[in-house]
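Single-letter residue listing:
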Amino acid sequence: MTDGGRNLVYLVTGGCGFLGEHMIRTLLEMEPRLKELRVFDLHLGPWLEALNPGSVQVTPIQGDVTRAEDVVAAVAGTDVVIHMAGLVDVWGQNDPEVIHRVNVQGTQNVIEACVQTGTRFLVYTSSMEALGPNKKRQPFYRGNEDTPYEVIHTEPYPRSKALAERLVLEANGRKAMLLGCIHWQLESWAPDPPQ
Ligand SMILES: NC(=O)c1ccc[n+]([C@@H]2O[C@H](COP(=O)([O-])OP(=O)(O)OC[C@H]3O[C@@H](n4cnc5c(N)ncnc54)[C@H](O)[C@@H]3O)[C@@H](O)[C@H]2O)c1
């Protein structure tokens, strides 16, 4: 990454979601090297119009992570991709195939687009759901991605997050890529259970 001046192009997939909007506002506030901020989402939020980005170019991109061509077009020319697009389904309400397509195939599309277009930095938003449940109720104390932990996934959403996380970790080092995985832990947000 080149230091100094505004010369970095960031892409946030799922940039109009709950976490995505916070990421967009945080980058605008705290990344002094930001030149262009691409906001990629299936549904663009009206709040984008009201942003005050100063000299940063905000580029809204309506697209679908399951469509490889949408992803390649959005990723091309970026320095950093923050992949947050996903189908969040802690209550098992969606078709498992759709969850897999969006969360796993979508992540694969993002990885391939980075490799293909030469984007070196990819941050993936994983989930604590990828870590559990552990059927033996063993504690997970001060662990990291390398901590052995016997996880048995029975639900589609946690399984999809675990599979996608593995894809990201396995892709680390491919061509010129440096990837990261984020586990959102204790203070993560979840919607109210359906009534
Ligand atoms: N909110 C949490 O506490 C939490 C915890 C752990 C992990 N995560 C992960 O963080 C990410 C964002 O979560 P969130 O809470 O902001 O969810 P969210 O549902 O608010 O946002 C997800 C965004 O992804 C977009 N999206 C869905 N399918 C898409 C597709 N096919 N193509 C492009 N965009 C698509 C949606 O339109 C939405 O704007 C997800 O990957 C989720 O698994 C969230």
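A quick note: this is a predicted structure, and the numbers were derived from the prediction, not measured. (Residues numbered from 1 in each chain as written. Predicted model: local features only at pLDDT ≥ 70, side-chain atom pairs only at ≥ 80, totals over all residues.)

Draft legend 1. Local environment of the overall build of the chain. Helix and strand counts for the chain come out as four helices and six strands. Sequence-ordered secondary structure for the chain, helices as α and strands as β, is β-α-β-β-α-β-α-β-α-β. Residues counted as buried form 34% of the 195 residues belonging to the chain. The contacts in the chain between residues at least 6 apart in sequence include a share of 69% that link residues at least 24 apart. (Helix = DSSP H or I, 4+ residues; strand = E, 2+ residues; numbered from the N terminus. Buried ≥ 20, exposed ≤ 12 C-beta atoms within 10 Å, placed from the backbone. Contact = placed C-beta atoms within 7 Å.)

Draft legend 2. Layout of the packing of helix α2 (residues 68-75) against helix α3 (residues 96-117). One way to put it is that α2 packs onto α3 with a least axis distance of 9 Å and a crossing angle of 45 degrees. Taken together, the axis directions place α2 and α3 in an arrangement best described as oblique. The handedness of the crossing between α2 and α3 is right-handed. Note on element contacts: α3 touches α2 through Asn109, Val110, Glu112, Ala113, Cys114, Gln116 and Thr117, opposite Ala68, Val71, Val72 and Val75. Classifying every residue of the contact of α2 with α3 gives seven nonpolar, three polar and one charged. (Axes fitted to C-alpha atoms, helices over the stretch in contact; angles between N-to-C directions. Parallel < 35°, antiparallel > 145°, perpendicular 65-115°, else oblique. Left-handed = near helix turned anticlockwise from the far one by under 90°. Nonpolar A, V, L, I, M, F, W, Y, C, P; charged D, E, K, R; others polar.)

Draft legend 3. Looking closely at the environment of Glu150. Topologically, Glu150 is positioned in the loop between β5 (121-125) and α4 (156-171). A count of 8 C-beta atoms within 10 Å places Glu150 in the exposed class. As a C-alpha pair, Glu150 and Lys136 span 14 residues in sequence and 8.1 Å in three-dimensional space. If we ignore the near neighbours within four places in the chain, the residues touching Glu150 are Asn134 and Lys136.

Draft legend 4. Main features of α4. With 16 residues, α4 extends 22 Å between its outermost C-alpha atoms, agreeing within 8% with the 22 Å of an ideal straight helix rising 1.5 Å per residue. Of the positions making up α4, those classed as buried are Tyr157, Pro158, Arg159, Ser160, Lys161, Ala162, Ala164, Glu165, Val168 and Ala171. Of the residues trailing α4, Gly173 is marked for its positive phi of about 95 degrees. (Expected span 1.5 Å × (residues − 1).)

Draft legend 5. Here's a closer look at the environment of Phe121. Among the secondary structure elements, Phe121 is positioned in strand β5. Note: C-alpha distance between Phe121 and Ile82 (39 residues apart in sequence) is 8.4 Å.

Draft legend 6. Just the confidence of the model for the chain, in detail. Of the residues in the chain, 87% have a pLDDT of 70 or more, and the chain-wide mean is 86. Taken as a whole, residues 183-195 scores under 50 in pLDDT and shows 13 contacts with residues more than four places along the chain or in a different chain. (pLDDT = per-residue confidence, 0-100.)

Draft legend 7. Representation of helix α1 (residues 18-30) within the structure. Spanning 13 residues, α1 covers 19 Å between terminal C-alpha atoms, matching the ideal 18 Å at 1.5 Å per step. Buried within α1 are the following residues: Gly20, Glu21, Met23, Ile24 and Leu27. Buried residues of α1, viewed axially, fall in a sector of 160 degrees; they line one side. α1 presents His22, Arg25, Thr26, Glu29 and Met30 as exposed residues on the side facing more than 90 degrees away from its buried surface. (Arc of directions from axis to C-beta.)

Draft legend 8. Main features of the environment of Glu165. Checked against the element boundaries, Glu165 lands in helix α4. Among the residues examined, Glu165 registers 24 C-beta atoms within 10 Å and is labelled buried. Taking the C-alpha atoms as reference points, Glu165 and Ser126, 39 residues apart in sequence, are found 6.2 Å from one another.

Draft legend 9. Geometry of unusual backbone geometry. With a phi angle near 60 degrees, Arg137 is a residue other than glycine that sits in the positive phi range. When you line up the elements, Arg137 lands in the loop between β5 and α4.

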